[in-house]
Amino acid sequence: MPLWLCNNGETTRRNYPETGGRISDDHLAWLEALPEEHWEELDGWKVWCVHGRPGLDREGITADTPREHIERWTEGREWDVLACGHTHVAFVRREGPRT
């Protein structure tokens, strides 16, 4: 289950202090409808977008994440670019022909 939906959305409600802990049911429904991954093809590149890392949205990938971990998490998937968030730290890393 995505982190933002844990505890029927209470985790997300608490993590939005600017709302005073109140998030509308419509907003939670919108979050619930978000896909756990998104694919695009851009100029012939297969771009795989995930929140954290493939298979787990609560853990990110950093510049120091071992290549072997990324290979294990992405096994069986064909991609050229893996775009991850979660850490709020921007970096670009090349792994052979992949980015």
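Structure: see above.
Everything in this summary refers to the structure shown in the same document. (Residues numbered from 1 in each chain as written. Predicted model: local features only at pLDDT ≥ 70, side-chain atom pairs only at ≥ 80, totals over all residues. Heavy atoms only, no water.)

Here we look at the overall build of the protein chain
Thinking step 1. When you go through the protein chain residue by residue, the secondary structure sums to 3 helices and 3 strands.
Thinking step 2. Residue burial in the protein chain is summarised as follows: out of 99 residues, 28% are buried.
Thinking step 3. Roughly 7,100 Å² of accessible area belongs to the protein chain as shown, and the carbon and sulfur atoms make up 51% of that amount. (Helix = DSSP H or I, 4+ residues; strand = E, 2+ residues; numbered from the N terminus. Buried < 20%, exposed > 50% of the residue type's maximum accessible area, 1.4 Å probe, protein only. Areas by Shrake-Rupley, 256 points an atom, 1.4 Å probe, with all protein chains shown as cover.)

Description of the pattern of salt bridges
Thinking step 1. Under the counting rule described, the total for this entry stands at 4 salt bridges.
Thinking step 2. Notably, a salt bridge pairs R53 with E59, separated by 3.2 Å at the nearest N-O pair.
Thinking step 3. What makes E59 partly exposed here is its relative accessible area of 34%.
Thinking step 4. The partner of E71 in a salt bridge is R67, with the nearest N and O atoms 3.1 Å apart. (Salt bridge = Lys/Arg side-chain N within 4 Å of Asp/Glu carboxyl O.)

Regarding unusual backbone geometry
Thinking step 1. Even without being a glycine, D43 presents a positive backbone phi close to 50°.
Thinking step 2. Along the chain, D43 turns up in the loop between β1 (37-42) and β2 (45-50).
Thinking step 3. Residue class for D43 comes out exposed when judged on its relative accessible area of 79%.
Thinking step 4. Residues other than glycine seldom take positive phi values, yet H88 does so here, at roughly 60°.
Thinking step 5. Looking at where H88 falls in the secondary structure, it is placed in the segment after β3 (81-84).

Digging into the side chain of R93
Thinking step 1. Here R93 shows up in the segment after β3.
Thinking step 2. Judged by its relative accessible area of 18%, R93 is buried.
Thinking step 3. Within polar-contact distance, the side chain of R93 engages the backbone oxygen of A63 at 3.3 Å.
Thinking step 4. Within the structure, R93 has its side chain in polar contact with the backbone oxygen of T65 (distance 2.6 Å). (Polar contact = N/O pair within 3.5 Å; in protein donor to acceptor, adjacent residues only side chain to side chain.)

Comments concerning the sheet that holds β3
Thinking step 1. With respect to topology, 3 strands assemble into an open sheet ordered β1-β2-β3, the strand pairing being mixed. Strands with a single pairing partner mark the edges of an open sheet, and in this sheet they are β1 and β3. Taking each pair of neighbouring strands and ignoring which way they run, the sheet shows an average axis angle of 20°.
Thinking step 2. Relative to β2, β1 runs antiparallel, the two sharing 6 bridges. Counted as the bridge partner of E40 is V47 from β2. (Pairing = 2+ DSSP bridges. Axes fitted to C-alpha atoms, helices over the stretch in contact; angles between N-to-C directions.)

Section: the nonpolar core
Thinking step 1. Within the largest apolar cluster, 7 residues are counted, these being W48, V50, I61, I70, W73, W79 and L82.
Thinking step 2. Going through the elements one at a time, β2 and α3 (67-73) are the ones with two or more residues in this core. (Core = buried A, V, L, I, M, F, W, Y, C linked by side-chain atoms within 4.5 Å.)

A short note on the packing of aromatic side chains
Thinking step 1. For the coordinates displayed, the defined rule picks out 1 aromatic pair.
Thinking step 2. Between W39 and W48, the aromatic rings sit 5.0 Å apart at their centres with planes inclined by 10°, giving stacked as the arrangement.
Thinking step 3. Judged by relative accessible area, W39 falls into the partly exposed class, the value being 31%. (Phe/Tyr/Trp six-rings, centres within 6.5 Å; stacked < 30°, edge-to-face > 60°.)

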